Amino acid sequence: MGRKPPLSDVEKGKVLAYKDQGLSSREIARRIERSPWVVNNFLKHGHDYGKKKSPGRPRKLSSRQERTIIRQLSAGGTSLGTLAKEPNLNVHKSTLYRMVQRSRLLSYRRKKKQPRLTEYHKKRRVAWAKYHVTWKAQWKQVVFSDEKKFNLDGPDGAAYYWHDMRKEEKIFSKRQQGGKSLMVWAGFGYEGKTNIAFPTGRMKAIDYQELLEVHLLPFGERIGGPFWIFQQDNASIHVANSTWAWFLDNGVHVMEWPANSPDLNPMENLWGILCRSVYADGKQYTNVEELKTAIISAWEKVDPSVLQKLVDSMCDRVIKVVLKNGSFTGY
């Protein structure tokens, strides 16, 4: 048997995470299926692991200073520029950047947009997940849906931060962005997509029902089969008494959905795919009609295999909700 390659970045992150949890080197090695010697070697040498020692100009930062900087960036609330101005460091911002790159522990990422979860929300998410944990083929019957706002000048704003690969990704609450925009509604399932709709103005329950009649009903059975199930979030117009009466009158089976759970809806991932296509290479639009044309074109180009992979991901999402005690799944 040949010699295994050095630890990958993912393996390094796991080793550090398990070490923070108090696991022994032997137990860590067992979990990542590597030798205890490799684990101990990495823990001993840190960012020098796997690198040959070579003489050269001494580093401006001591190992202790580097560890302190990593902790400060990981905790959030500071930047490389701010740290570079601290008198006890006396280094340029570029020096700090190279040090962070060497450490392989942090990466500069955009914060994920997710609503805030309370303990009540988490309990409801776990209960929902446990009920659906045995589902497999049933997910192919579901028609997932959602609304999204597209702006002329790009997707809603971004917030970047230094992400510690040993920790969960950070999130921040969604915000509204000024300027002209376009609301979009769509749905999809294992066997295809609905028509895409562009509701105007502030929708009322009756408007939502009319939208579903045109853009959902003709596609439900085609997408999910004769016993198809409709998924929607808990927006007020979605759960209004008149909307529930409309579902009953039209024989639409609506699945229960936990509040504040966009990570459980694969439609959110499909929106991300559309955004990357619509706003590719920093594309911006001069008017709403131009943006609408681009969205329709991107929607029509979505490959069926993409839809199927997103539906198949539901089994993993449900399991992760249970394992994370209701916290966000990372999707």
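Being a predicted model, the structure only gives us computed values, none of them experimental. (Residues numbered from 1 in each chain as written. Predicted model: local features only at pLDDT ≥ 70, side-chain atom pairs only at ≥ 80, totals over all residues. Heavy atoms only, no water.)

**Details of the overall build of the chain**
Link 1 in the chain: Scanning the chain from terminus to terminus reveals 14 helices and nine strands.
Link 2 in the chain: Looking at the chain residue by residue over its 331 residues, the buried ones come to 42%.
Link 3 in the chain: At a minimum sequence separation of 6, the contacts of the chain that also span at least 24 residues come to 73%.
Link 4 in the chain: Surface summary for the chain: the accessible area is close to 19,300 Å², and the carbon and sulfur share equals 51%. (Helix = DSSP H or I, 4+ residues; strand = E, 2+ residues; numbered from the N terminus. Buried < 20%, exposed > 50% of the residue type's maximum accessible area, 1.4 Å probe, protein only. Contact = heavy atoms within 4.5 Å. Areas by Shrake-Rupley, 256 points an atom, 1.4 Å probe, with all protein chains shown as cover.)

**Comments concerning the side chain of Gln232**
Link 1 in the chain: With respect to the element layout, Gln232 can be found in the loop between β8 (229-230) and α10 (241-249).
Link 2 in the chain: A relative accessible area of 2% means that Gln232 is categorised as buried.
Link 3 in the chain: Within polar-contact distance, the side chain of Gln232 engages the side chain of Tyr208 at 2.6 Å.
Link 4 in the chain: A distance of 3.0 Å separates a polar atom in the side chain of Gln232 from the backbone oxygen of His238.
Link 5 in the chain: Setting aside residues no more than four positions away along its own chain, Gln232 makes contact with Ser145, Tyr208, His238, Phe247, Val254 and Trp257. (Polar contact = N/O pair within 3.5 Å; in protein donor to acceptor, adjacent residues only side chain to side chain.)

**Topic: the packing of helix α2 (residues 25-32) against helix α3 (residues 36-45)**
A pair of packed helices can be characterised by two numbers: the angle between their axes and the separation between those axes.
Link 1 in the chain: Axis separation between α2 and α3 bottoms out at 8 Å; the angle between their running directions is 115°. Considered as vectors, α2 and α3 are oriented roughly perpendicular to each other. The handedness of the crossing between α2 and α3 is right-handed. Residues Ser25, Arg26, Ile28, Ala29 and Ile32 of α2 form the contact with α3, whose participating residues are Pro36, Val39, Asn40 and Leu43.
Link 2 in the chain: Here the residues of the contact of α2 with α3 sort into six nonpolar, two polar and one charged. (Axes fitted to C-alpha atoms, helices over the stretch in contact; angles between N-to-C directions. Parallel < 35°, antiparallel > 145°, perpendicular 65-115°, else oblique. Left-handed = near helix turned anticlockwise from the far one by under 90°. Nonpolar A, V, L, I, M, F, W, Y, C, P; charged D, E, K, R; others polar.)

**Looking at helix α8 (residues 205-215)**
Link 1 in the chain: Within the sequence span of α8, burial applies to Ala205, Tyr208, Gln209, Leu211, Leu212 and His215. Buried residues along α8 cover an arc of 160° about the axis, so they all sit on one side.
Link 2 in the chain: Packing partners of the buried residues in α8 comprise β3 (142-151), β6 (181-189), α9 (217-224), β8 and α10. (Arc of directions from axis to C-beta.)

**Some remarks on the packing of aromatic side chains**
Link 1 in the chain: Following the criterion strictly, the structure yields 11 aromatic pairs and no others.
Link 2 in the chain: Of note, Arg317 hangs over the ring of Tyr331, and the distance from its end group to the ring centre comes to 4.2 Å. (Phe/Tyr/Trp six-rings, centres within 6.5 Å; stacked < 30°, edge-to-face > 60°. Lys NZ or Arg CZ within 6 Å of the ring centre and 35° of its normal.)

**Things to note about a nonpolar patch on the surface**
Link 1 in the chain: Judged by side-chain polarity, Val133, Ile319 and Leu323 come together as a nonpolar surface patch covering roughly 280 Å² of accessible area.
Link 2 in the chain: Residue placement: Ile319 occurs in helix α14 (residues 314-323).
Link 3 in the chain: Residue classification places Ile319 among the partly exposed positions, given a relative accessible area of 39%. (Patch = residues over 30% accessible without salt bridge, like charges linked within 9 Å, V, L, I, M, F, W, Y side chains within 5 Å. Salt bridge = Lys/Arg side-chain N within 4 Å of Asp/Glu carboxyl O.)

**Digging into the packing of helix α1 (residues 9-20) against α2**
Link 1 in the chain: Look at α1 against α2: their axes get within 10 Å of each other, and the N-to-C directions meet at 140°. Between α1 and α2, the angle is such that the two are oblique. Judged by the sense of rotation from one axis to the other, the crossing of α1 with α2 is right-handed. On α2, the residues that touch Glu11, Lys14, Val15, Tyr18 and Lys19 of α1 are Ser25, Ile28, Arg31 and Ile32.
Link 2 in the chain: Its residues placed into classes, the contact of α1 with α2 shows four nonpolar, one polar and four charged.

**Remarks on the pairing of β6**
Link 1 in the chain: Across the nine residues that make up β6, a large majority, seven, are buried.
Link 2 in the chain: Pairing geometry for β3 and β6, over eight bridges, is antiparallel. The residue bridging Phe144 from the neighbouring strand is Phe188, located in β6.
Link 3 in the chain: Taking the residues that link successive antiparallel strands as the turn, the β6-strand β7 (residues 192-193) hairpin has two residues. (Pairing = 2+ DSSP bridges.)

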